[in-house]
Amino acid sequence: MLQPIDGDWFQFRALGDGLTLITEPHVIPFLRCNIWHIQGRDTDLVVDTGLGVGSLYSASRHLFGQRVAALATHVHLDHVGGHHEFAECWCHRLEAPGLRGADPSFTLADFDLGDVRIDVPGYTTGGPAITALPSPDYDLSAWQIQQASVTRELEEGDVIDLGNRHFEVLHLPGHSPGSIGLWEAKTGTLFSGDAVYDGPLLDQLPHADRAAYARTMERLLTLPVNVVHAGHDPSFGRERLKELVRGYLDAQGRVHGAQVSGP
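Residues numbered from 1 in each chain as written. Predicted model: local features only at pLDDT ≥ 70, side-chain atom pairs only at ≥ 80, totals over all residues. Heavy atoms only, no water.

### Quick word on the pattern of salt bridges
Alright, step 1. Counting across every chain of the model gives 12 salt bridges.
Alright, step 2. A salt bridge links Asp203 to Arg210; the nearest nitrogen and oxygen atoms lie 3.5 Å apart.
Alright, step 3. Under the relative-accessibility criterion, Asp203 is labelled buried at 9%. (Salt bridge = Lys/Arg side-chain N within 4 Å of Asp/Glu carboxyl O. Buried < 20%, exposed > 50% of the residue type's maximum accessible area, 1.4 Å probe, protein only.)

### A few points about the confidence of the model for the protein chain
Segments scoring low in pLDDT should not have their predicted coordinates read at a detailed level.
Alright, step 1. On average, residues of the protein chain carry a pLDDT of 93, and 96% of them reach 70 or more.
Alright, step 2. pLDDT under 50 marks residues 257–263. Its contacts with residues more than four places away, or in other chains, come to 17 contacts. (pLDDT = per-residue confidence, 0-100. Contact = heavy atoms within 4.5 Å.)

### Examining the environment of Arg67
Alright, step 1. Relative to the helices and strands, Arg67 resides in the loop between α1 (56–60) and β5 (68–71).
Alright, step 2. The class for Arg67 is partly exposed, based on a relative accessible area of 37%.
Alright, step 3. It is 43 Å that separates the C-alpha atoms of Arg67 and Ala251, two residues lying 184 residues apart in sequence.
Alright, step 4. Excluding residues that lie within four positions of it along the chain, Arg67 makes contacts with Asp42, Thr43, Asp44, Glu88 and Trp90.
Alright, step 5. Here Thr43 takes part through its side chain, which lies 3.3 Å from a polar atom of the side chain of Arg67. (Helix = DSSP H or I, 4+ residues; strand = E, 2+ residues; numbered from the N terminus. Polar contact = N/O pair within 3.5 Å; in protein donor to acceptor, adjacent residues only side chain to side chain.)

### Describing unusual backbone geometry
Alright, step 1. The phi dihedral of Asp48 falls on the positive side, at around 70 degrees, and the residue is not glycine.
Alright, step 2. When its relative accessible area of 1% is taken as the criterion, Asp48 is described as buried.
Alright, step 3. The phi dihedral of His207 is positive, around 75 degrees, even though this residue is not glycine.
Alright, step 4. Locating His207 in the fold gives a position in the loop between β13 (189–193) and α4 (210–220).

### A closer look at the packing of aromatic side chains
Alright, step 1. Enumeration over the complete set of coordinates arrives at 6 aromatic pairs.
Alright, step 2. Note on Trp36 and Phe191: the rings are 5.9 Å apart at their centroids and 70 degrees apart in plane angle, and the pair reads as edge-to-face. Taken together, the positions of Trp36 in strand β3 (residues 35–38) and Phe191 in strand β13 put the pair 155 residues apart, joining distant regions of the chain.
Alright, step 3. On the accessibility criterion, Phe191 (2% relative accessible area) is buried.
Alright, step 4. Measuring from centroid to centroid gives 5.2 Å for Tyr57 and Phe86, while their planes differ by 75 degrees, and the two rings are edge-to-face. Of this pair, Tyr57 sits in helix α1 while Phe86 sits in the loop between α2 (77–80) and β6 (89–92), and the two are 29 residues apart along the sequence.
Alright, step 5. Here Tyr57 falls in the partly exposed class, since its relative accessible area comes to 25%. (Phe/Tyr/Trp six-rings, centres within 6.5 Å; stacked < 30°, edge-to-face > 60°.)

### So, the sheet that holds β13
Alright, step 1. An order of β10-β11-β12-β13-β14-β15 is seen for the 6 strands of this open sheet, with the pairing classed as mixed. Both outer strands of the open sheet, β10 (159–161) and β15 (236–237), are each paired with one neighbouring strand and no more.
Alright, step 2. Both β13 and strand β14 (residues 227–230) contribute to a ladder of 4 bridges, which runs parallel. Bridge assignment links Gly193 to a residue of β14, and that residue is Ala230. (Pairing = 2+ DSSP bridges.)

### Remarks on the layout of surface pockets
Alright, step 1. Taken as a whole, the largest pocket encloses approximately 530 Å³ of empty space.
Alright, step 2. Val120, Pro200, Leu201, Leu202 and Asp203 are the residues nearest the centre of the largest pocket, which is lined by 31 residues in total.
Alright, step 3. Those elements that provide at least two residues to the lining of the largest pocket are α2, β7 (116–118) and α5 (238–251).
Alright, step 4. Residue contributions to the lining of the largest pocket peak at 4 residues, all from α5.
Alright, step 5. Of the residues assigned to the lining of the largest pocket, the class counts are 17 nonpolar, 8 polar and 6 charged. (1 Å grid on protein atoms, 1.4 Å probe; cavity = no way out; pocket = protein on both sides within 12 Å on 5 of 7 lines; lining within 4 Å. Points joined across faces, edges and corners; volume = space filled by probe spheres on them. Nonpolar A, V, L, I, M, F, W, Y, C, P; charged D, E, K, R; others polar.)

### Quick look at the pairing of strand β1 (residues 11–16)
Alright, step 1. Sheet topology places β1 next to strand β2 (residues 19–23); 5 bridges connect them, and they run antiparallel. Within β2, the position partnered with Arg13 by the bridge is Leu21.
Alright, step 2. Taken together, β1 and the strand that follows it, β2, pair antiparallel across an intervening segment of 2 residues, in which Asp17 is found at a positive phi of about 60 degrees.

### Overview of the environment of Gly114
Alright, step 1. Topologically, Gly114 is positioned in the loop between α3 (96–100) and β7.
Alright, step 2. In this structure the C-alpha to C-alpha distance between Gly114 and Gly65, which are 49 residues apart in sequence, comes to 36 Å.
Alright, step 3. Residue contacts for Gly114: discarding those within four places in its chain leaves Gly127, Pro128 and Leu140.

So this is what it looks like as structure tokens:
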């Protein structure tokens, strides 16, 4: 029997330089997305919005400037649950039908959140998607991904201009057709979504493409990364990125001959 929480649904951790990590600690690890708030001079950016069990917008208003946009690295259910709360929503062109609700297969939102059954190495689980209720009257059976208005369809090479920070959109398909990362060359910072994270990488989901995923991994080897802020699990640096990428390519039997940038 799930009990209501004693406190807030979201946790906030300021990492410096206008970056805040927002998490849902009462969501099971398989569906616990990293939500990134990047404070900009002209625009704030929220990268992914979690499962949508609690109101992200209401809980995070203290962080926001005058303008805020919610960007989806891809539109799986654990990354877009709060997008409908934002007036500006951005995602890759190939993922836009999923965010708009025209193609619900993109969001994978057919889970029964009261009994999520997953048998993926590293993520085997069965039971509720959450370990507590956000409020005493919360009805988990009523949860659903709500449609959002896509106000900007992104493409490879587009620039996200926050005024004082600029990120290049990288199309990183494989986990999903329109998976993207945000690359800040000035600092060597990559927001990678689920293209790569420090955990079991999923390439057998509907719409996944292993060949495209391998090409994405080979591309990541060429980036002079200092830090990766991923869609799940802790952030990591260049050496760990190399290990994760090479581990994936080895598992696929790929020869990873891409030139690695930096030491």
